[in-house]
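Reading the structure
One-letter residues, chain by chain:
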Amino acid sequence: MAGVWILADNHDQILELLAAGRSLADDIGMGLHLLLWDREEKSGEYFSYGADEIILLPALADGQPLSVYIPLIAEEAAREKPEVFLIGGSNRCKELAARIATRLETGLCSECTAFHFNQDLKRLEMERMIYGGVGVQTVASTSKPQMATIPPRTFSPGSPLEGREGKTREITGALETPVRVLEKKAKSKEQVNIREAKVVVCVGRGLENEEDLQLARELAEVLGGEVACTRPIAEELHWLPEETYIGLSGQVIKPHLYIGIGVSGQIQHTVGIRDAKTVIAINRDENAAIFEVADYGIIGDLYEVVPQLTRAIKEKVKS
Amino acid sequence: MPRIITCFKWVVDQADIRVVPGTDELSLDRVGYRISEYDRNCLEEGARLKEQYGGEVVGLTVGIPGAKKSIKDALSRGPEKAYFVTDPSFSNLEPGQTAAIMAAAISSQIEYDLIICGEGSGDLYAQQVGPRLAEMLGIPCAVFVNKIEIKEKEAIVECKVEDGVEVLALPLPALITVLPDINTPRVPGLKDTLAAGKKPVEEITLQDLNKSFDPYLETLNVRATSMERTCEKMDAGSEGIAKMVAVLTKAGVIS
């Protein structure tokens, strides 16, 4: 039956993959099939967003992890032979993708940021970042299905088409795994949304103490922006929530203005600000890599520069 | 008492990669190599678990003969012994090949209860080798873990997921990939470095494995990502600050 298959573990990414998968399925001239296990979602909605078929998996029993689906999905794929299989880039789904690809003895393009179906060669050409973001590698799979994981928000969701319909097919099978989910701890939803912020003030390891975040907060406040950080500030020091770290494995942002204070500018971080309109850096090390990717830079001690800058902006706003 | 395998990769130091002027080609002519940063957390976690639970910890790497340079460094970070699976053809391996080579090496001669990998590698960062290896060995797996406890014949782990934390129980033997925030890798001292030189290294060759490891992916091209901006540098005095305020006004963020 072939076709383009998609799989994701949250509603937003399902819509993103439906949009990307729909246009790919049209390019190849095949159907679009969505693997789904959550029965509470309205499947009608997914048909209106482009799915031709929903392949409904059996419900999980209590304490079963998502990885329990791996054998079932791999068997179904071996039988149905999809041409392309796109999987959402959440942490759980990345594990699923790698293990399904292993069972199917096929390649997997991880964290694919763009793809293109080459009509002459009838193959999917997929792009991904390597060397921490220094390079972009384009790959094609010599085996099928051609598989990729897609980071969240790589594609925009499409628009629903009223009255569009599709079929639902249930697959059955035993779900067995020796792994047990003992507990799920939901994290408190932070109100900050650095992805939507027009101005982002980002702190790096140049900041010496947690209390000094106040300097960044004050600067962000006068500019109507949000405070973000580099990975170690969130993951090692836990000074800011993990949703606020920018970079390869964190948030990719496109603000009007990014101000990095005490940010050294490692490539893994700066790939996350590539599309910022204006980049400003404040760092006392004039050789810091951040200056190579900045439009404007102040070479100086952030503890002197930031309060002065905040004050000067306040005065300017008042006048 | 768990027998632990900690896996590490010898990778290009991306700070040394240059863009060939006037092109979008990358030059790797003068690059240095090092143990992938994520794998330092993996080696540290192996050492930490051994301190807590006893048992033994070994290191495992796959690479071209030149990757041998990584072994002493790795051994100074905890493992008692290293397995070096090597062949001149082991350059630019894709994750599927690396995992298959590791699976073949482990099955042929390494006993284990727990395998630890980094969350991804410093060069490709595909995050596939861990879960692929687990699948090939037919053992349970947990990824993106920032806490490991061993209880009886199980590993209790905390996995970072988008909406929080999932606590899993994995019967051993199992494979775990760890996040950088699971620990702070120790800096090896002179004593560790000296001791590392005396630890045994077992070489496993392609002939020993007696198998071929074919790629699934074809690389069509690699090009540089351009993000250079012309930085106008200002001083930290009042003149610089005034200029910066003008820049911000022009950018439309101050009204």
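Scoring rules and cut-offs
Residues numbered from 1 in each chain as written. Chains lettered and ligands numbered in written order. Predicted model: local features only at pLDDT ≥ 70, side-chain atom pairs only at ≥ 80, totals over all residues. Heavy atoms only, no water. pLDDT = per-residue confidence, 0-100. Salt bridge = Lys/Arg side-chain N within 4 Å of Asp/Glu carboxyl O. Helix = DSSP H or I, 4+ residues; strand = E, 2+ residues; numbered from the N terminus. Buried < 20%, exposed > 50% of the residue type's maximum accessible area, 1.4 Å probe, protein only. Contact = heavy atoms within 4.5 Å. Buried area = accessible area lost by both parts, 1.4 Å probe. Polar contact = N/O pair within 3.5 Å; in protein donor to acceptor, adjacent residues only side chain to side chain. Pairing = 2+ DSSP bridges. Axes fitted to C-alpha atoms, helices over the stretch in contact; angles between N-to-C directions. Phe/Tyr/Trp six-rings, centres within 6.5 Å; stacked < 30°, edge-to-face > 60°. Domains from an automatic or database assignment. Parallel < 35°, antiparallel > 145°, perpendicular 65-115°, else oblique. Left-handed = near helix turned anticlockwise from the far one by under 90°. Nonpolar A, V, L, I, M, F, W, Y, C, P; charged D, E, K, R; others polar.

**A word on the confidence of the model for chain B**
Mean pLDDT over chain B stands at 95; residues scoring 70 or higher make up 100%. Scored by ipTM, the complex comes to 0.93, with pTM at 0.89.

**Observations concerning the pattern of salt bridges**
One pass over the structure, following the stated rule, counts 39 salt bridges over all chains. Of the charged contacts in the structure, one is a salt bridge between A:R169 and A:E76, with a shortest N-O distance of 2.7 Å. Note that A:R169 is positioned in strand β10 (residues 167-170) and A:E76 in helix α3 (residues 70-80), a separation of 93 residues in sequence. Accessibility expressed as a relative area gives 23% for A:R169, which makes it partly exposed. In this structure, the salt-bridge partner of B:K153 is B:D113, at a minimum N-O distance of 3.9 Å. Taken together, the positions of B:K153 in the loop between β9 (141-151) and β10 (154-161) and B:D113 in the loop between α3 (95-109) and β8 (114-118) put the pair 40 residues apart, joining distant regions of the chain. Given the relative accessible area of 56%, B:K153 is considered exposed. Residue B:D113 is classed as buried on the basis of its relative accessible area of 9%.

**Some details on the interface of chain B and chain A**
Between chain B and chain A, the contact holds 73 residues from the first and 87 residues from the second. Taken together, both faces of the contact between chain B and chain A bury some 7300 Å²; the carbon and sulfur share is 56%. A salt bridge links A:R92 to B:E166; the nearest nitrogen and oxygen atoms lie 3.1 Å apart. Linking chain B with chain A are 45 residue pairs in polar contact (both at pLDDT 80 or more), by the criterion used here. Both strand β16 (residues 296-299) of chain A and strand β15 (residues 232-234) of chain B contribute to a ladder of 3 bridges, which runs parallel.

**With respect to the sheet that holds strand β5 (residues 108-109) of chain A**
Residue and element names in this part refer to chain A. Overall, parallel pairing links the 7 strands, which are arranged β5-β9-β4-β1-β2-β3-β10 in an open sheet. Strands at the two margins of the open sheet, each flanked by one partner only, are β5 and β10. Here β5 runs beside strand β9 (residues 146-150); their pairing, made up of 2 bridges, is parallel. Bridging across to β9, C109 finds its partner in A148. Across the sheet, helix α1 (residues 11-28) lies against β1 (4-7), β2 (32-36), β4 (84-88) and β9, angled at about 175° from β1, the strand it touches most.

**Overview of the pairing of β1(A)**
Residues and elements named next belong to chain A. Burial along β1 is two-sided: V4 and I6 facing one way and W5 and L7 facing the other are all buried. Here 4 bridges tie β1 to β4, and the two strands are oriented parallel to one another. Paired with L7 across the two strands is I87, which belongs to β4. In this sheet, β2 lies alongside β1 in parallel orientation, the contact comprising 3 bridges.

**What about the sheet that holds strand β12 (residues 199-203) of chain A?**
In spatial order, the strands read β13(A)-β12(A)-β14(A)-β15(A)-β16(A)-β15(B); together these 6 strands make up an open sheet with parallel pairing. Unpaired on one side and paired on the other, β13 (226-229) of chain A together with β15 of chain B mark the two borders of the sheet. Within this sheet the neighbouring strands show an average axis-to-axis angle of 20°, counted without direction. Sheet strands touched by helix α5 (residues 213-223) of chain A: β12, β13 and β14 (257-261) of chain A. Its angle to β12(A), the strand with the most contacts, is close to 170°.

**A short note on the packing of aromatic side chains**
Residue and element names in this part refer to chain B. Taken as a whole and judged by the stated rule, the model has 5 aromatic pairs over all chains. Judged by centre distance (6.4 Å) and plane angle (20°), the rings of W10 and Y33 are stacked. Remark: Y33 occurs in strand β5 (residues 33-35) and W10 occurs in strand β2 (residues 10-12); sequence separation between them is 23 residues.

**Section: unusual backbone geometry**
Here A:K144 and A:P145 are connected by a cis peptide whose omega angle stands at 0°. Note that the residue after B:L172, namely B:P173, is joined by a cis bond; omega there is 5°. For B:P173, the location among the structural elements is in the loop between β11 (164-171) and β12 (174-178). We note that A:K81 has phi near 50°; this positive angle belongs to a residue other than glycine. Taking the relative accessible area as the measure of exposure, A:K81 reaches 56% and is therefore exposed. Although it is not a glycine, A:R153 sits at a positive phi angle of roughly 65°. By the secondary structure assignment, A:R153 is in the loop between β9 and β10. A relative accessible area of 43% means that A:R153 is categorised as partly exposed.

**Regarding the domain arrangement of chain B**
Split by domain assignment, chain B resolves into domain 1 (3-209) and domain 2 (225-255). On a C-alpha basis, the centres of domain 1 of chain B and domain 2 of chain B stand 43 Å from each other.

**Concerning the packing of α3(A) against helix α4 (residues 91-103) of chain A**
All names here are of chain A. Interhelical geometry of α3 versus α4 gives an angle of 45° and a closest axis separation of 9 Å. Taken as axis vectors, α3 and α4 run oblique relative to one another. Of the two elements, α3 crosses α4, and the hand of that crossing is right-handed. Touching I70, P71, I73 and A74 of α3 are L96, R99, I100 and R103, all from α4. Here the residues of the contact of α3 with α4 are counted per class, giving 6 nonpolar, no polar and 2 charged.

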